[in-house]
Structures are given as C-alpha cells and as structure tokens.
Amino acid sequence: MNAATWRVVGRAFPGPMALAVWMLVTVPAPLIFFEGTHSWEEDLKVSTALWWIVGAVPVLAAVVATKWTRCNGQRRTASAMVAAVVAATLVSAVFVGATMAVYRWVVPLSGVAAWRSVLFGSVPLAICGAAVGYLFGRGRVRRSPVSPRRGFVLGGIVAVVGALLAETSVQLGAESSTVRYDAVEYGAVGPYATSAREQGVLRLPAAGRYAIFAVGHSPRNPDCQVTGVGVPPRSAKLVTIAPGDYGSDYASFAWVASFDVPVPGAYSLSCRTYDQQASYTVGEVPQIRGAVGALIHWPSIAIWLLGAIPGLLIIADTARRRARRRSAPGVAVQEL
C-alpha cells in the first residue's frame, strides 16, 4: 500500500465515537442487561455475551463501508464495492477479535463458547452490513460537521458515563468470573460470624488469607480488625469494588475485605460501621479468573479513568480537528 491508501484506511477506520458505542454494546451492556433481567443466583455465560458481539458486527461493518466509500470517491463500480466490503470485514474482524480477547482473558465468564464459530460466523454478517454501508456511502446525503463545542460536550458526557459504568462492569464481571467461593450461612452467631455490634470469635484452621463477607445489605466499607493471642491487631484491607451475589437462597454475601493471619487458631473480629444491624462473616477468599480479579483491588480513580478513555479520545479528536481547521481555514475537514 502507498501513503495515499494508508490515509484512506485511517480515515475509514472507526473513530472514537464508534469505538465508544462498540465498547458500550459489547461489554457493559450484556453484563448490566443480564443483571437486570435474571435472578441474582444466575451468572452470565460467555456464550450469551458473545451474541451481543455478533449482533453489533453488521452495524460496525456498515459504518466502516460508508466511510470508506465516501473517502474513496463514491465510485459505482464492482471493484469499489469489493474494496469497501473487504475493508469493512477486516476492520470488523479486528474489533470482534479484540472483544473476544476481553472475554477470554479480562472477564472470562463461565460456560463454554465456540470462539472460532463466533469469529468466522461474524464474517457473513459483516459482509451484509458492508454492502448496505457501501450503498449509503454512494448516496448524496451530506453531513454537517460537528462543531468543536458539541464535540467537547459529547466527549465529556461519554467520559462521565464510561466512568460510572466502569465500576459496575468490573463488579458484575468479577461476580460472573468467580470459579469458587466458600459457602457461608446467614446469621450473627457461629464460629465464623460476627455482628457489627459485638465481637465475634473466629477459629481459623490454617495460616493464610481469609475473606470478610457482608451479609445481605450490610455496608461494604466496614472498618474491621482481627486480633489474636500474641498477634497484634490487624486491619482488614477493603476490596475497592466488592463483588457480591455470593451465597444461597437464604442470604446473599459480598466480598468486602480480606486479612492475613500468621498461624491457625482462635481470633476475634470486630467490624465498625454506621449500620448497627450489619453483620459480617468470614470464609475462604473467592477465586476469580482473569484480570478482573485484580481490577477489583485497583484504586477507584484508576477504574474511573479506564472507563473514561473513550470519552477522552473523543475530546482529543475534537481538539485535533479544531487545530486542523485553524491551520487550514479554507479546507473542509470531513468528520470521522
């Protein structure tokens, strides 16, 4: 490819807004929709999430083909249509592969998915969407350029929405990617249970790390301390984004903190919180697959920034366009 061809490819590639919509539809949307339409005991299966990717492929291919055709001169030839369809299909394959990687290594949901079938099954849908996009690209409809002010406002809105959805997506992804968690029972009594109003007794069978679970709607930011004979008080470390929906039909539990003990034996646990009716119980640390198991421990600001990236890209792209207009006021810059 020569330099001119690469420029056309770059201009036809989906811009920050298309990237933001794709990310919203393929990652947060399946998690949030499933959470709102199913009971809390059920976990989202990877095969269900991949259907959202398949459904979004034709739209993405149509957008790419439309931009490719407009950038390439809107020619009414068979070669022009083939070029638009091939470009849109390849770009769609890249987006599908990247999103599948998210569900493979970042949020590895439970269940079995036919990865190759999804990837190659998306090709016919991409071709159909690209053909429709080519026809739209040949049209005479002109789009008025988006003003920089609107671009900055839109980017700010997308950044805020992305930041708000980031924590929810990480939480729901961690819940559905949990391999194992200790089966605990509801109640403020027992060897592993403590109430927020009194000190509980723990009989820990081995040295190592243990998890503190909030029972029901108990606050997820308690100030918990563990003490034992010959062991100084140890403050439990809070989980930044507490995954919940653990438990049984009797009660749900959320992993809110963890602590380490050097030796097995009897310990005491005290948790202070504003809710005097809150109760917490101790069990094994849940096993969460994928990078989401580490994301729940990241600082909140890092998660917010991660979710705000699409909106920040829109703002940066708008600033770049405004700078280009100022440097060449007589040249109309087409919006991507």
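As the structure is a computational prediction, the values presented were derived from the model and not from experiment. (Residues numbered from 1 in each chain as written. Predicted model: local features only at pLDDT ≥ 70, side-chain atom pairs only at ≥ 80, totals over all residues. Heavy atoms only, no water.)

**Things to note about the overall build of the protein chain**
Here comes step 1: Secondary structure summary: the protein chain contains nine helices and 12 strands in total.
Here comes step 2: A buried classification covers 41% of the 336 residues belonging to the protein chain.
Here comes step 3: Taking contacts inside the protein chain between residues at least 6 apart in sequence as the whole, the part at least 24 apart equals 82%.
Here comes step 4: Put simply, the protein chain shows about 17800 Å² of open surface, and 63% of that area lies on carbon and sulfur atoms. (Helix = DSSP H or I, 4+ residues; strand = E, 2+ residues; numbered from the N terminus. Buried < 20%, exposed > 50% of the residue type's maximum accessible area, 1.4 Å probe, protein only. Contact = heavy atoms within 4.5 Å. Areas by Shrake-Rupley, 256 points an atom, 1.4 Å probe, with all protein chains shown as cover.)

**Regarding the environment of Gln171**
Here comes step 1: Residue position: Gln171 is located in helix H7 (residues 148-176).
Here comes step 2: The exposure class of Gln171 is partly exposed, given its relative accessible area of 22%.
Here comes step 3: Spatially, the C-alpha atoms of Gln171 and Thr240 are 9.8 Å apart, while their sequence positions differ by 69 residues.
Here comes step 4: If we skip the residues at most four places from it in the chain, Gln171 touches Arg220, Ile241, Ala242, Pro243 and Gly244.

**Some thoughts on empty space enclosed by the protein**
Here comes step 1: Scanning the model with the defined rule gives three cavities of 30 Å³ or more in all.
Here comes step 2: Of the pockets and cavities examined, the largest cavity occupies roughly 70 Å³.
Here comes step 3: Lining the largest cavity are Leu31, Phe34, Glu35, Glu42, Asp43, Leu44, Leu172, Glu175, Ser176 and Asp245.
Here comes step 4: Elements that contribute at least two residues to the lining of the largest cavity include exactly helix H3 (28-37) and H7.
Here comes step 5: Split into classes, the residues belonging to the lining of the largest cavity amount to four nonpolar, one polar and five charged. (1 Å grid on protein atoms, 1.4 Å probe; cavity = no way out; pocket = protein on both sides within 12 Å on 5 of 7 lines; lining within 4 Å. Points joined across faces, edges and corners; volume = space filled by probe spheres on them. Nonpolar A, V, L, I, M, F, W, Y, C, P; charged D, E, K, R; others polar.)

**Comments concerning the state of the cysteines**
Here comes step 1: This model, assessed by the stated rule, comprises one disulfide.
Here comes step 2: Across the disulfide, Cys224 is cross-linked to Cys271 (sulfur-sulfur distance 2.2 Å). Around the S-S axis, the bridge from Cys224 to Cys271 shows a dihedral of about 110° and counts as right-handed. Of this pair, Cys224 sits in strand E5 (residues 223-228) while Cys271 sits in strand E10 (residues 265-272), and the two are 47 residues apart along the sequence. Of the two residues, Cys224 and Cys271, neither departs from the other in class, the shared state being buried. (Disulfide = S-S within 2.5 Å.)

**Concerning the layout of surface pockets**
Here comes step 1: Estimated volume of the largest pocket: approximately 800 Å³.
Here comes step 2: Lining the largest pocket are 32 residues, and of these Met23, Val27, Pro28, Leu306 and Gly307 lie nearest its centre.
Here comes step 3: Of all the secondary-structure elements, those providing two or more residues to the lining of the largest pocket are helix H2 (16-26), H3, helix H5 (78-106), H7, helix H8 (292-295) and helix H9 (300-327).
Here comes step 4: Among the residues forming the lining of the largest pocket, the class breakdown is 27 nonpolar, five polar and no charged.

**Remarks on the confidence of the model for the protein chain**
Here comes step 1: Averaged over every residue, the pLDDT of the protein chain is 84; residues scoring 70 or more account for 85%.
Here comes step 2: Note on residues 186-192: pLDDT is under 50 here. Beyond four places in sequence and across chains, it has 19 contacts.
Here comes step 3: Note on residues 331-336: pLDDT under 50 across the span, and 17 contacts to partners over four residues away in sequence or across chains. (pLDDT = per-residue confidence, 0-100.)

**Quick notes on the pairing of strand E4 (residues 208-215)**
Here comes step 1: Across the eight residues that make up E4, a large majority, six, are buried.
Here comes step 2: Both E4 and strand E9 (residues 252-261) contribute to a ladder of eight bridges, which runs antiparallel. Along E9, the bridge assignment pairs Arg209 with Asp260.
Here comes step 3: One ladder, built from four bridges, connects E4 with strand E11 (residues 279-283); its direction is antiparallel. Looking across to E11, one finds that Ile212 is bridged to Val282. (Pairing = 2+ DSSP bridges.)

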